[in-house]
Amino acid sequence: MKYWRGYLIAGILAVAAWALNQFAAAHTQLVDMVYPYMTRVLQTSLAQWSGGVEFCLWQLLLLLGIVGVLVSVVLMVVLRWNPIQWFGWVLTAVAVVHVLNVGLYGMNEHSGSIAQDVRLQTTDYSVSALEDAASFYLGQAMELSSQITRDSSGNPKDADFEKMAQQAADGFKTLTYEKHYAVFAGSLLPVKQLSWSGLYGGVTGKTVALTGEAAVNPDVPAVGMPFAICKEMAHRMSIARDGDANFAAFMACTANEDTKFVYSGYLMAFRECYHALASLDSANGKAAFKRVEKLLSGRVESDLQTYNDFVGNTEFSDDSVFLLVNWHIQTVVIPSQEEEADKVVLFDPLDETDERIADLLRPAE
């Protein structure tokens, strides 16, 4: 029995992690009432603790874990440990990390949509609404593209990472204290740089809940760096789902006074909607995509290609597109319609100064 003890413990922990996820999925409203706030406080405390060092603490712990496993393999051979028993305890260690991650952060995957937290009314959207949103985001990006500092080749200059990491907090402060969105009241500490960035390929960032560290790949192109920083900060604020974190990053970027952040936010919003249009198979969808494609040119097209070359064929997020289209409807389309309605002058039959009254009273010829 002693040889299987590790497997038994690992199995119990795996079942516990599964049960926590199942409970969260079945009781979304109950989990959403308390859990995100608790984990946000925990992440803030962990971020302050791990912020004592500049490097990613979780990467060091991972490296030590790998070294520990390799050393244990050598000891297993030298001391003739039972390999079955040894592997069981390795599985137990992995299971401990997994269940801690699920319990202390992972159930946020089943919390309510960020739409509720930012008072965004959502509804299913049409192809034309997606096209309008994509065109709007593209228009904003094209207007801002000329305000970005560029080199002699027209490429955006890489800004200082540490400075941008500090500036990212400004957008979240605006959302929290001026817009009163409590969901963003988490840690505003600067994100860290991922070490060994070459190993991560097109990954833009990684947030590890067990150490409260949000980290960004320093190789991310300049146009996408502000967005990547805000996205990982959003993850650290217990906004776990990728689509929600993308939308949070868009909001934080466009709420920032720095043009680099605003441009990055609109460019990434356009990219999401543009890829969503490209995925449509219907005749209307293909026609809409072609119309938007004709609008894409110049610096924005070049910047988008540079970013796409880095991340590869990363698929868009249906959730973030859903939120971005509805945000456009609620903050741009509806106010515009209301403004036009206010301009309509109603006919008042008692208003003698109205020229239409004179026309009515003029004798027929």
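Residues numbered from 1 in each chain as written. Predicted model: local features only at pLDDT ≥ 70, side-chain atom pairs only at ≥ 80, totals over all residues. Heavy atoms only, no water.

Asks: Give a detailed account of the overall build of the protein, specifying residues and quantitative values.
Replies: A count of helices and strands for the protein gives 14 helices and 3 strands. Here the C-alpha radius of gyration of the protein, 26 Å, is well above what a compact globule of 365 residues would show, namely 21 Å. Expressed along its principal axes, the backbone C-alpha trace of the protein runs to roughly 115 × 55 × 45 Å. Pairs at least 24 residues apart make up 76% of the contacts formed inside the protein by residues separated by at least 6 positions. Charged side chains in the protein number 25 positive and 41 negative. The centres of these two groups are separated by 11 Å. (Helix = DSSP H or I, 4+ residues; strand = E, 2+ residues; numbered from the N terminus. Rg over C-alpha atoms; globule rule 2.2 N^0.38 Å. Contact = heavy atoms within 4.5 Å. Lys, Arg positive; Asp, Glu negative; His and termini not counted. Charge placed at Lys NZ, Arg CZ, Asp CG, Glu CD.)

Asks: How would you explain the packing of helix α8 (residues 225-236) against helix α9 (residues 242-254) if you had to name every residue and give the values?
Replies: Interhelical geometry of α8 versus α9 gives an angle of 125 degrees and a closest axis separation of 8 Å. Put simply, α8 runs oblique to α9. Every pair of crossing elements has a handedness; the one defined by α8 and α9 is right-handed. Contacts between α8 and α9 pair Pro 226, Phe 227, Cys 230, Lys 231, Ala 234 and His 235 from the former with Asp 242, Ala 245, Asn 246, Ala 248, Ala 249, Phe 250, Ala 252 and Cys 253 from the latter. (Axes fitted to C-alpha atoms, helices over the stretch in contact; angles between N-to-C directions. Parallel < 35°, antiparallel > 145°, perpendicular 65-115°, else oblique. Left-handed = near helix turned anticlockwise from the far one by under 90°.)

Asks: Run through helix α1 (residues 5-26), naming residues and quoting values.
Replies: The first and last C-alpha atoms of α1 sit 32 Å apart over 22 residues, in line with the 32 Å expected at 1.5 Å per residue. Where α1 is concerned, the buried positions are Gly 6, Ala 10, Leu 13, Ala 17 and Ala 24. Along the axis of α1, the buried positions cluster into a sector of 65 degrees, meaning they face one direction only. Summarising the geometry of α1, the exposed residues directed more than 90 degrees from the buried face are Ile 12, Val 15, Trp 18 and Ala 26. Looking at the buried side of α1, the elements it contacts are α2 (28-50) and α4 (83-104). (Expected span 1.5 Å × (residues − 1). Buried < 20%, exposed > 50% of the residue type's maximum accessible area, 1.4 Å probe, protein only. Arc of directions from axis to C-beta.)

Asks: Give me the lowdown on the packing of aromatic side chains, citing residues and values where you can.
Replies: Summed over the entire model, instances satisfying the criterion amount to 16 aromatic pairs. Plain terms: the ring middles of Trp 4 and Tyr 7 are 5.4 Å apart, the flat faces sit at 45 degrees to each other, and that makes the pair tilted. Judged by its relative accessible area of 25%, Tyr 7 is partly exposed. Ring centres of Tyr 137 and Tyr 266 lie 6.2 Å apart, and the angle between their planes is 35 degrees; this geometry places the pair in the tilted category. Of this pair, Tyr 137 sits in helix α6 (residues 127-145) while Tyr 266 sits in helix α10 (residues 259-278), and the two are 129 residues apart along the sequence. For the pair Tyr 137 and Tyr 266, a shared accessibility class is recorded, and that class is buried. (Phe/Tyr/Trp six-rings, centres within 6.5 Å; stacked < 30°, edge-to-face > 60°.)

Asks: Pulling in residues and values, what's your account of the nonpolar core?
Replies: As a rule of thumb, soluble globular proteins bury nonpolar side chains together. By size, the foremost hydrophobic cluster in this structure holds 71 residues, and its most contacted members are Tyr 137, Phe 184, Phe 247 and Phe 250. In terms of residues, this core owes the most to one element, α10, which gives 12 residues. Residues Leu 13, Ala 17, Ala 24 and Val 99 belong to the second largest nonpolar core, which totals 10 residues. (Core = buried A, V, L, I, M, F, W, Y, C linked by side-chain atoms within 4.5 Å.)

Asks: Talk me through the layout of surface pockets; I want residue IDs and the actual numbers.
Replies: Looking at the largest pocket, its volume works out to about 660 Å³. Around the largest pocket, the lining is made up of 31 residues, and of these Gly 205, Lys 231, Glu 232, His 235 and Asp 242 lie nearest the centre. Its volume calculated, the second largest pocket comes out at about 530 Å³. Residue lining of the second largest pocket: 17 residues in total, with Leu 61, Leu 62, Gly 65, Ala 93 and Val 97 positioned closest to the centre. Mapped onto the lining of the second largest pocket, the elements with two or more residues apiece are α3 (57-79) and α4. (1 Å grid on protein atoms, 1.4 Å probe; cavity = no way out; pocket = protein on both sides within 12 Å on 5 of 7 lines; lining within 4 Å. Points joined across faces, edges and corners; volume = space filled by probe spheres on them.)

Asks: Tell me about the pairing of strand β2 (residues 205-208), and please be specific about residues and values.
Replies: For β2 and strand β3 (residues 213-216), the ladder comprises 4 bridges, and the chain directions are antiparallel. The residue bridging Thr 207 from the neighbouring strand is Ala 214, located in β3. Count of turn residues in the β2/β3 antiparallel hairpin: 4 residues, of which Gly 212 carries a positive phi of about 65 degrees. (Pairing = 2+ DSSP bridges.)

Asks: Just give me the short version of the sheet that holds β2, but keep the residues and values in it.
Replies: Strand-to-strand pairing in sheets goes through backbone hydrogen bonds, with the strands running parallel or antiparallel. Strands sit in the order β1-β3-β2 across an open sheet of 3 strands; the sheet is mixed. The sheet is open, and its two borders are formed by β1 (192-193) and β2, each paired with just one other strand. The sheet contact formed by β1 and β3 spans 2 bridges and is parallel. If you follow Gln 193 over to β3, its bridge partner there is Val 216. Of the strands in this sheet, β2 and β3 touch α8, which is tilted by about 165 degrees from β3.

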